[in-house]
Amino acid sequence: MNYETEKKKYLVSSVLDTANNRIASASFITAFAVYLGLSDLAIGIYAVLDTMTNIIQVFAAPLFYKIGQSKKVVLTNYSIYRISSVSMAFIPFISNDISIRTILFFILATIYAVTGEMGYITFVNWRMTLIKKEDRTTFAAKRNFFKNTVVLAFSLCMGIVLDRFTAFGYELYGFLILFIIVFIIAFIDIYLRIHTFKPEVIQEKIGLKENIIIPAKDKDFRSVLITGGLNRLAYGLGTMYLNVFLLRYLKVGYLYYSILNILINLSEAFSSKYWANKSKDRKWSNVILPMCIILIISFAMLLINNSILVYILPLIYILIGFGNASYEMYDHIAIYEASKDKYQTSYVTFERFIEGIVTMILPILSYTIFKESDNAIKLTFILAIALYVILFMYYKFLNKRK
């Protein structure tokens, strides 16, 4: 095995994977759901579905021990994962009924989310096992930069194509072209993974009970659980209705919508190196505290009057991207390195399990207070601000794991 060559392969596949995740979940599929006519609540639930399904990751460690070394099984799961998202393109041809469309949308979205969660931990373990510890921050920075560059190009393409086709009354065909692009990226990604070296991962045999108990009883790991849980809850609240707010209530055009997604990804890309340098000494307060401040300011700005808000959205999206890049470093490095040796799978999956449990509060909360209006959505921004204040206070005064 040539380490440098395989590291480059892992970088390219990771970039394609995460770029496709961004394309298929954050902006493109949300815009497609609005086109299908799904309700605000349905689109909001979809926005946090991938985090909610993190709860199944608690089963991943025992499963990984049994089949995790099977590259064929993992890649089959990954192929189903990618195909399910592209299959959404057929929904408009099956029915015009909104209820049927919603059901079909969530069936495919759930398959996409579940298979994504089941495959997540194997790829993380392979990548983290192969890449040397001293290369991880640099790898993460490069990954974030190239990932956001790919998304940038796609977002610009998406805006131009959708605006042009919509202007001529062929909005659906614009979406179909973009689904084809997503399929091509996925095909290249899968092909590359087939021809990439899989390192031998040392994984302790562990059952479902131990998979929960070992990380749950580790006092040193609790700050990671609290940080990850609070961040997912706050960010989920603040963003679950953000896209539908822009498209349905602010009525921004597809091109402007795409430019905003370009800005958020540019911000993440160019700030990745900054956060990588901040993370080198592993003093995570230097990352988490600034992130809280940045996202508090971002969500506070979304409360401004709509007539003014339309013009300052670019600044808001740049700030959100800057905040996202900071947590990317924590998410991909701190969680793994805070785990005990040989139990990384259990620790990482348990952290994701906690995120999923916490995020399940969001649909319940939305169903209780949500009335499908722009003011109701702005209430979610206020709740997100409050949670980030709590996270800031925790990390500043209570967290001992700096």
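Note that residues are indexed from 1 along each chain, following the sequence as it is written. Local features in this predicted model are restricted to residues whose pLDDT is 70 or higher, and side-chain atom pairs enter the listing and the counts only when it is 80 or higher, whereas totals over whole chains, interfaces and linings include all residues. As a rule here, side-chain values cover all heavy atoms of the structure and leave hydrogens and water aside.

Q: Break down the overall build of the chain for me, with residues and values.
A: Along its length, the chain carries 17 helices and zero strands. Relative to its full complement of 402 residues, the chain shows a buried share of 57%. A fraction of 87% describes how many contacts in the chain between residues 6 or more apart in sequence connect residues 24 or more apart. What sets the accessible areas is the Shrake-Rupley method with a 1.4 Å probe; for residues, cover comes only from the shown protein chains. Of the roughly 17100 Å² that the chain leaves accessible, carbon and sulfur atoms contribute 68%. Here a strand is any run of E in DSSP of at least two residues, a helix any run of H or I of at least four, and the numbering for each starts at the N terminus. Residue exposure (1.4 Å probe, protein chains only): buried if accessible area is under 20% of the type maximum, exposed if over 50%, otherwise partly exposed. In this analysis, two residues are considered to be in contact whenever any of their non-hydrogen atoms come within 4.5 Å of each other.

Q: Let's hear about the packing of aromatic side chains: which residues, and what values?
A: When two rings of Phe, Tyr or Trp (its six-membered ring) have centres within 6.5 Å they constitute a pair, described as stacked for plane angles under 30 degrees, edge-to-face for angles over 60, and tilted for the intermediate range. In the structure shown here, the tally under the stated rule is 18 aromatic pairs. Consider the rings of Y46 and F105, whose centres lie 5.1 Å apart with planes at 70°: the pair is edge-to-face. Here Y46, found in helix α2 (residues 40-52), pairs with F105, found in helix α6 (residues 98-130); they are 59 residues apart in sequence, far enough to count as distant. Exposure remark for Y46: the relative accessible area of 7% places this residue in the buried category. F105 gets classed as buried once you look at its relative accessible area, which sits at 0%. Where F299 meets Y388, the ring centres are 6.3 Å apart and the plane angle is 15°; that geometry is what we call stacked. Placement of the pair is F299 in helix α13 (residues 285-301) and Y388 in helix α17 (residues 374-398), with a sequence separation of 89 residues. On the basis of relative accessible area, F299 is assigned to the buried category, the value being 0%. Grouping aromatic residues by their ring pairs yields a cluster made of F32, Y35, F175, F179 and Y254. By definition here, charges over rings are those cases where NZ of Lys or CZ of Arg is within 6 Å of the ring centre and within 35 degrees of the ring normal. Against the face of Y3 rests K132, its NZ or CZ located 4.6 Å from the ring centre.

Q: So what's going on with the environment of T30? Residues and values would help.
A: For T30, the location among the structural elements is in helix α1 (residues 3-36). According to the relative accessible area criterion, T30 is buried, its value standing at 3%.

Q: Mind laying out helix α12 (residues 254-279), listing which residues take part and the relevant values?
A: Within an α-helix, residues lying three or four positions from one another point in the same direction, as the helix has 3.6 residues per turn. Given a helix with a known number of residues, its expected span is that number minus one, times 1.5 Å. Taking 1.5 Å per residue, 26 residues should reach 38 Å; α12 reaches 36 Å between its end C-alpha atoms and fits that length. Largest kink in α12: about 40°, centred on S272. Note on bend: at a given residue it equals the angle between the axes fitted to the 7 residues ending there and to the 7 starting there.

Q: Talk me through the side chain of T115; I want residue IDs and the actual numbers.
A: Mapped onto the elements of the fold, T115 is located in helix α6. Pairs of N or O atoms are called polar contacts if they sit within 3.5 Å, as long as, within protein, a hydrogen donor faces a hydrogen acceptor (for residues adjacent in sequence, only side-chain-to-side-chain pairs). For T115, the side chain forms a polar contact with the main-chain oxygen of I111, separated by 2.6 Å. Residues within four places of T115 in sequence aside, it is in contact with N77, I80 and Y81.

Q: Can you explain the pattern of salt bridges? Please cite residues and give values.
A: What makes a salt bridge here is a side-chain nitrogen of Lys or Arg within 4 Å of a carboxyl oxygen of Asp or Glu, nothing more. Overall, the coordinates contain eight salt bridges when judged by the stated rule. With a closest N to O distance of 3.5 Å, K9 and E6 form a salt bridge. You can see K9 and its partner E6 sitting in helix α1, three residues apart, about one turn around the helix. A residue is classified by how much of its surface remains accessible, and E6, at 9% relative accessible area, is buried. The partner of D189 in a salt bridge is R193, and the shortest N-O contact between them spans 3.0 Å. Of this pair, D189 and R193 both sit in helix α8 (residues 171-194), four residues apart, which is roughly one turn of that helix. The network of salt bridges with shared partners includes D17, R82, D189 and R193.

Q: Account for the packing of helix α11 (residues 242-249) against α12, naming residues and giving values.
A: Close contact between α11 and α12 brings their axes to 10 Å; oriented N to C, the two are set at 155°. In terms of their interaxial angle, α11 and α12 are classed as roughly antiparallel. Of the two possible hands of crossing, α11 and α12 adopt the one that is right-handed. Of the residues in α12, those in contact with N243, L246 and L247 of α11 are Y254, Y257 and L260. All axes are obtained by fitting lines to C-alpha atoms, using only the stretch in contact for helices, and the reported angles, taken between N-to-C directions, cover 0 to 180 degrees. Angles below 35 degrees are treated as roughly parallel, those above 145 as roughly antiparallel, those between 65 and 115 as roughly perpendicular, and all remaining angles as oblique. In this scheme, a crossing is called left-handed if the near helix is turned counterclockwise away from the far one by less than a right angle; it is called right-handed if the turn is clockwise.

Q: Can you explain the nonpolar core? Please cite residues and give values.
A: Counting residues in each nonpolar core, the largest one holds 101 residues, and the members touching the most others are F28, M88, F105, L246, L313, Y330 and Y388. Ranked by residue count, the leading element in this core is helix α14 (residues 306-337), at 13 residues. The next biggest cluster of nonpolar side chains, apart from the first, holds 15 residues, and it includes Y3, Y10, V74 and W126. Among buried residues, those of type Ala, Val, Leu, Ile, Met, Phe, Trp, Tyr and Cys that are joined through side-chain atoms within 4.5 Å constitute a nonpolar core.

Q: Break down the confidence of the model for the chain for me, citing the residues and quoting the values.
A: Of the residues in the chain, 88% reach a pLDDT of 70 or more, and the chain-wide mean stands at 82. The quantity known as pLDDT measures the predictor's confidence residue by residue, on a range of 0 to 100. When the elements of the chain are averaged for pLDDT, helix α3 (residues 60-67) gives the smallest value, 62, and helix α5 (residues 91-94) the largest, 95.

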